[in-house]
Amino acid sequence: MPAHDEVDRIVDAWDRERPDLDFSPLQVLSRVGRLARHLDRARKTAFSDSELELWEFDVLSALRRAGAPYQLSPKALLLQTLVSSGTMTNRIDRLVARGLVERHHDPRDGRGVLVQMTARGRERVDAAISALMVSERQLLEALSPAEQERLAGLLRKLSLDFDDD
């Protein structure tokens, strides 16, 4: 393990300049932020290689996780992707135009609509998630499986309050 990383240098500089403050939160959260930037780059690459935008991946992956026949209501999609109704309508329209999803009438509710992923959408999202898992494994390769599990548990504990929002 390296003796110092960039965050250590930043914290050391702040400690020197502002010894009156406790910079221990930076030890964790600055690293999380820096790792998030690396993850964003990995995701952009994986999605770009699959000809998807991040938002397209979000919608398609929600449909893929739903299982066959890979369909959800627009309301279920917006709950999973945390966007407004108008934003979801726009996203569905754009995915329909690209041939990645189709709209169907809900047979259980004559007024309802179901969004169903097409075979082309499934191919794209499957390629993107496969590429992403390779990239994410590389990001974590410095940690043993036990360390990854421990880190996941700690991050879960930290994020539980945020997920309730």
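Residues numbered from 1 in each chain as written. Predicted model: local features only at pLDDT ≥ 70, side-chain atom pairs only at ≥ 80, totals over all residues. Heavy atoms only, no water.

Per an unreviewed UniProt entry, the protein chain goes by the name MarR family transcriptional regulator and belongs to Ruicaihuangia caeni.

Student: With reference to specific residues and values, describe the sheet that holds strand E3 (residues 109-117).
Tutor: Within a sheet, each strand pairs with its neighbour through backbone hydrogen bonds, oriented either parallel or antiparallel. Strand order in the open sheet formed by three strands is E1-E3-E2, and the pairing between neighbours is antiparallel. If you trace the sheet from one side to the other, it starts and ends with strand E1 (71-72) and strand E2 (101-106), each paired once. Of the pairings in the sheet, the one linking E1 to E3 comprises two bridges and is antiparallel in character. Bridge pairing in E3 links leucine 72 to valine 115. (Pairing = 2+ DSSP bridges. Helix = DSSP H or I, 4+ residues; strand = E, 2+ residues; numbered from the N terminus.)

Student: I'd like to hear about the pairing of E3, residue by residue, with values.
Tutor: On a regular strand, one side chain projects to one face of the sheet and the next to the other, so that they alternate. In this structure, E2 lies alongside E3, joined through six bridges in antiparallel fashion. Residue pairing for E3: glutamate 102 is matched across the bridge by glutamine 116. Joining the antiparallel neighbours E2 and E3 is a turn of two residues.

Student: An account of a nonpolar patch on the surface is requested, with residue identities and associated values reported.
Tutor: Judged by side-chain polarity, Val28, Leu29, Val32, Leu139, Leu140, Leu151, Leu155, Leu158 and Phe162 come together as a nonpolar surface patch covering roughly 770 Å² of accessible area. If you list the elements that add at least two residues to the nonpolar patch, you get helix H2 (24-49) and helix H7 (145-163). Here leucine 155 shows up in helix H7. Under the relative-accessibility criterion, leucine 155 is labelled partly exposed at 39%. (Patch = residues over 30% accessible without salt bridge, like charges linked within 9 Å, V, L, I, M, F, W, Y side chains within 5 Å. Areas by Shrake-Rupley, 256 points an atom, 1.4 Å probe, with all protein chains shown as cover. Salt bridge = Lys/Arg side-chain N within 4 Å of Asp/Glu carboxyl O. Buried < 20%, exposed > 50% of the residue type's maximum accessible area, 1.4 Å probe, protein only.)

Student: Give a description of the UniProt feature "domain: HTH marR-type" (unreviewed entry) in the protein chain that names residues and reports values.
Tutor: If you check UniProt for "domain: HTH marR-type" (unreviewed entry), the listed places come out as residues 25-160 in our numbering. What you have in residues 25-160 is 70% helix and 12% strand, and the ends, taken at the C-alpha atoms, are 18 Å apart. (UniProt positions renumbered as here; feature names shortened; annotations may be inferred.)

Student: Tell me about the side chain of threonine 118, residues and numbers included.
Tutor: Its place among the elements puts threonine 118 in the loop between E3 and helix H6 (119-139). Residue classification places threonine 118 among the buried residues on the basis of a relative accessible area of 14%. Here threonine 118 is in contact with Gly99, Leu100, Val101 and Glu102, once residues within four sequence places are set aside. (Contact = heavy atoms within 4.5 Å.)

Student: Report on the packing of aromatic side chains, specifying residues and quantitative values.
Tutor: Per the counting criterion, the structure on display carries two aromatic pairs. Between the aromatic rings of tryptophan 14 and phenylalanine 23, the centroid separation amounts to 5.8 Å while the plane-to-plane angle is 20°, which identifies the pairing as stacked. Classification of phenylalanine 23 by relative accessible area gives buried; the value is 10%. Residues phenylalanine 47 and phenylalanine 57 carry aromatic rings whose centres are separated by 4.2 Å and whose planes lie at 20° to one another, so their mutual orientation is stacked. Within this pair, whereas phenylalanine 47 is found in helix H2, its partner phenylalanine 57 is found in helix H3 (residues 54-65), the two being separated by ten residues in sequence. Across the pair, exposure class does not vary: phenylalanine 47 and phenylalanine 57 are buried alike. (Phe/Tyr/Trp six-rings, centres within 6.5 Å; stacked < 30°, edge-to-face > 60°.)

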